[in-house]
Amino acid sequence: MRVLFISASPIQKEISIGNTFLNVFSGVENVEFAGICTREGTPDPAVSRCYCITEKMLIRSLCGKGAAGAEIACSPTASVEAPKAEDNTARFVKTKRWNIFFLMQNLLWTLGRWKTTSLKAFVEDYQPDVIFTVLSEKIYLNRLILHIAAITGKKLMVYAWDNNYSLKRLSFSPFDWIGHFCNRRYMRKVAKKADKLYVISEVQKTDYEKAFRKPCTVITKGEDFSADPPVKTTSASPMRLVYTGNLYANRWKSLGMLASALERVNRNGVRAQLHIYSATPLTEAMKKALEIDGTSMLMGRVSSDEVERIQKEADILVHAEATDLKNRLTVRQSFSTKLVDYFRMARPIVAVGPKDIASIKYLVDYDTAVVADNEQELFEKLSALLKDVRLRQEYAVRAYMCGRTNHDKHRIGQLLQRDLTKLTTT
């Protein structure tokens, strides 16, 4: 079975989209991967071939230096370099997210010569059985997806996990709304073309089945939960709370709330410390909220292998979502893939965020975490958790058993295998 991934970033485990794609296919037998991407980078060794079209190539094509796009080297044994730190320009664009940047990007992809014989030859030579991609709000990526689907005639499998289609969003900019309606137009085209549409939560399933008028299947990242829960029997002194993930969408403010509550807990002696591992560029406001001497510390970027080790060493794992209305609407449908990693570690989870958004509601519904949405509640629940070793172990076991019930990679692999077989034999 040959699967062709289409994504903005190259498929690699160090990047969220690649980690998710490779994970959901980890339980599928006899499958081979190739990729088409729009950013520079080294594909994962699991990817046998990769074709890349970057914006630098598009600019060169506009300057008369040839068409954009080329196959890049892949090796089954080469080590994959961690993504490089962003330069100041890239960091500025990513942080500000002004509409003019996206307008210029889409204009470049409209004018650039990327529908080339080289791209067609790559796809025809690889001969994929199916195309697997993400439901993205990026117009240029959706145009690329539709083009590849048209020239191959192969079945299209689409996975949605961001709340990037809904009209339930907060913005007072008319340009932002114009851009959003343009994005939705191309998202509808991809969803209509999709032969199979996956979503990441029950909330998203309800919304998207109504929006796109086709059945959706919920799948998440999966792990192996066949062993006994690896509950930690001894705690560090002080106890170690760990957050691993990005700080965008005001998650840092929720972590700041946790840090403040923890500072109160530590007034009569340091009982626990919060370690924050993130590659997110930091502002002075973030540093001020998250760096509290003896209580909370910023640890910087780490590789995926290091993240696993750090999570194993943790006494408590932390999940955070923003509490402000704009970002609550942004993540309303989302389920954090990081939670599956947390479940596998069998550690108690402290979750900070609104209890009506998908990821926090999930933890509440399955009673798998200590959940709070304000500092006083955090202080009270955190104090109780730190005092009671039995309570910590109970939450650790509940988290692991939730993973076993809902996120077993073998069961997810079987579901995906059935869908692949059905699509490629009809």
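This section reports on the structure supplied with the text.

Taken together, the 8 strands give an open sheet; going across it, the order is β4-β3-β2-β1-β5-β6-β7-β8, and neighbouring strands pair in mixed fashion. Edge positions in the open sheet fall to β4 (70–72) and β8 (216–218), since each of these has one partner strand only. Across the sheet, the mean angle separating the axes of adjacent strands is 25 degrees when strand polarity is ignored. With 3 bridges connecting them, strand β7 (residues 196–199) and β8 associate as parallel partners. Bridge assignment links Val199 to a residue of β8, and that residue is Val218. Set on the sheet, helix α8 (residues 202–212) makes contact with β7 and β8; between it and β8 the angle comes to about 170 degrees.

A few words on the packing of aromatic side chains. A complete count under the given rule lists 23 aromatic pairs for this structure. With centroids separated by 5.1 Å and ring planes inclined at 40 degrees, the aromatic side chains of Phe5 and Phe21 adopt a geometry described as tilted. Of this pair, Phe5 sits in strand β1 (residues 2–6) while Phe21 sits in helix α1 (residues 16–24), and the two are 16 residues apart along the sequence. Considering the side-chain rings of Phe21 and Trp161, the 5.9 Å spacing of their centres and the 75 degrees angle between planes classify their relative orientation as edge-to-face. Residue Phe21 is found in helix α1, and its partner Trp161 is found in the loop between β6 (155–159) and α7 (174–193); the two are separated by 140 residues along the sequence. Three or more aromatic residues link up through ring pairs in this structure, and these residues are Phe5, Phe21, Phe25, Phe33, Phe132, Tyr159, Trp161 and Tyr198. Lying over the aromatic face of Tyr165, Arg184 brings its terminal NZ or CZ to 4.0 Å of the ring centre.

So, on to unusual backbone geometry. Note that the residue after Ser237, namely Pro238, is joined by a cis bond; omega there is 0 degrees. By the element assignment, Pro238 lies in the loop between β8 and β9 (239–244). The backbone phi angle of Arg213 is positive, close to 55 degrees, even though this residue is not glycine. With respect to the helices and strands, Arg213 occurs in the loop between α8 and β8. Even without glycine at this site, Asp367 takes up a positive phi of about 50 degrees. As for its placement among the helices and strands, Asp367 is situated in the loop between α14 (358–365) and β14 (370–372). Overall, Asp367 belongs to the partly exposed group, its relative accessible area being 36%.

It is worth spelling out empty space enclosed by the protein at this point. With the rule as written, the count across this model stands at 1 cavity of 30 Å³ or more. Looking at the largest cavity, it is lined by 13 residues, and the ones nearest its centre are Lys232, Ser235, Asp315, Pro348 and Arg392. The residue inventory of the lining of the largest cavity, partitioned by class, reads 5 nonpolar, 4 polar and 4 charged.

Right, let's talk about the packing of helix α2 (residues 55–62) against helix α4 (residues 99–111) for a bit. Contact geometry for α2 and α4: axes closest at 9 Å, N-to-C directions at 55 degrees. On the basis of their axis angle, the class for α2 and α4 is oblique. Here α2 runs over α4; the crossing is left-handed. Residue-level inspection shows Glu55, Leu58, Ile59 and Leu62 of α2 in contact with α4, the latter providing Gln105, Leu108, Trp109 and Leu111.

About the thresholds
Residues numbered from 1 in each chain as written. Predicted model: local features only at pLDDT ≥ 70, side-chain atom pairs only at ≥ 80, totals over all residues. Heavy atoms only, no water. Pairing = 2+ DSSP bridges. Helix = DSSP H or I, 4+ residues; strand = E, 2+ residues; numbered from the N terminus. Axes fitted to C-alpha atoms, helices over the stretch in contact; angles between N-to-C directions. Contact = heavy atoms within 4.5 Å. Phe/Tyr/Trp six-rings, centres within 6.5 Å; stacked < 30°, edge-to-face > 60°. Lys NZ or Arg CZ within 6 Å of the ring centre and 35° of its normal. Buried < 20%, exposed > 50% of the residue type's maximum accessible area, 1.4 Å probe, protein only. 1 Å grid on protein atoms, 1.4 Å probe; cavity = no way out; pocket = protein on both sides within 12 Å on 5 of 7 lines; lining within 4 Å. Points joined across faces, edges and corners; volume = space filled by probe spheres on them. Nonpolar A, V, L, I, M, F, W, Y, C, P; charged D, E, K, R; others polar. Parallel < 35°, antiparallel > 145°, perpendicular 65-115°, else oblique. Left-handed = near helix turned anticlockwise from the far one by under 90°.

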